[in-house]
Amino acid sequence: MAHRVTLIPGDGTGPELTEATRRVLEATGVEFDWDVREAGADVMEKYGGNPLPDEVLDAIRETGVALKGPITTPVGGGFRSVNVALRKSLDLYGQVRPCKTYPGVRTRFDDVDLIIVRENTEDLYAGLEHVVVPGVVESLKIITEKASTRISKHAFAYARKMGRKKIHVIHKANIMKMSDGLFLRCSRTVAKDYPEITYAEHIVDNACMQLVMNPYQYDVLLMENLYGDILSDLCAAFVGGLGLVPGANIGTDCALFEAVHGSAPDIAGKNLANPTAVVRSSLLMLDYLGETKAAARIQAALEKVYGEKRALTRDVGGTAGTSEFTDAVIAAMAGA
């Protein structure tokens, strides 16, 4: 039986990356019934200025699973982030970003293997801002017991499932004693149900320093929305950048899988973009769908291509294009 999946190509390089990923997924022999939907800056005019049409949300609710390419987010104006809107509209409360070193990718650290678990729906990303008086703007940070407990339970359950041994909760409760203090209390309560997992806490600024000095001391990092956004990009730098890092957004009734990098409109349509992050996001999707053997095949093929340093794109030191890299991964799967 085919897996019905909503596919959102996105804009910029998104359509190229999702097409490459679709080719890799279909090469596993797993059957998919793709429900392709449009969203992003490129389709706003078609949908009356709306970058996220209601039909996209309805489609994801129906299939329960979505794979999304990058979508442009304007800076300092324009429409609200489609990524944030998707997470809030579908109550995709938890984001998981594994940051794991790939063979053949040179960075300052070897064998980094971290998992970021980020609350995805509230904090400053609630978008509650207003002008108090001219020249003074107030943003409201929202932290609730419900959301904090829910993401903590997800982090500990995921750590147990993946055989992880330690969770650090990252916070700023020394300053934001009520909001971050609530997040800590919820995490501490949940931790009691997982005695086999070591529980620890680090203040966010210290955690940034500790990560840069010695990322190996960490295993799973659990945090609120804003800290998770910042630290997940920092951790991506340890393994070669956002072009290699996958993302999963998990809700009660559905899940959305996406790369966490930008849409790179400057190289769109030039067969230059690296599809690795979207492909790796699809591996998280396969695991979610129970297709663990197919995920393992693609993972092994990616490691072979990177390890042999053949057909790599220019962002990781190669000269190949998107299609050549994709061909190499499919060939490696066939030869396994």
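What counts, and where the lines are drawn
- Residues numbered from 1 in each chain as written.
- Predicted model: local features only at pLDDT ≥ 70, side-chain atom pairs only at ≥ 80, totals over all residues.
- Heavy atoms only, no water.
- 1 Å grid on protein atoms, 1.4 Å probe; cavity = no way out; pocket = protein on both sides within 12 Å on 5 of 7 lines; lining within 4 Å.
- Points joined across faces, edges and corners; volume = space filled by probe spheres on them.
- Nonpolar A, V, L, I, M, F, W, Y, C, P; charged D, E, K, R; others polar.
- Salt bridge = Lys/Arg side-chain N within 4 Å of Asp/Glu carboxyl O.
- Helix = DSSP H or I, 4+ residues; strand = E, 2+ residues; numbered from the N terminus.
- Buried < 20%, exposed > 50% of the residue type's maximum accessible area, 1.4 Å probe, protein only.
- Contact = heavy atoms within 4.5 Å.

Visitor: Can you tell me about the layout of surface pockets, naming the residues and giving the values?
Guide: Of the voids in this model, the largest pocket is the one considered here, and its volume is about 660 Å³. Lining the largest pocket we find 23 residues, and of these Pro98, Tyr158, Met162, Leu284 and Asp287 sit closest to its centre. Its residues placed into classes, the lining of the largest pocket shows 14 nonpolar, three polar and six charged.

Visitor: Could you give an account of the pattern of salt bridges, with specific residues and numbers?
Guide: In the structure shown here, the tally under the stated rule is 22 salt bridges. Among the salt bridges present, the one from Asp33 reaches Arg4, with a minimum N-O distance of 3.0 Å. Taken as a pair, Asp33 in strand S2 (residues 32-36) and Arg4 in strand S1 (residues 3-8) lie far apart in primary sequence, 29 residues in all. The closest approach of N and O atoms between Arg37 and Glu55, which form a salt bridge, is 3.7 Å. Of the two residues, Arg37 sits in the loop between S2 and helix H2 (54-63) while Glu55 sits in helix H2, which places them 18 residues apart along the sequence. The partly exposed category is assigned to Glu55, whose relative accessible area is 35%. A single salt-bridge network, built from bridges that share partners, covers Arg4, Asp33, Asp35, Arg37 and Glu55.

Visitor: Hey, could you go over the environment of Ile116 for me, with residue numbers and the actual values?
Guide: Looking at the element boundaries, Ile116 is found in strand S5 (residues 113-119). Spatially, the C-alpha atom of Ile116 lies 20 Å from that of Thr144, the residues being 28 residues apart in sequence. With residues near it in sequence (within four places) discarded, Ile116 still touches Gln95, Val96, Arg97, Leu221, Met223, Gly228, Ser232 and Cys235.

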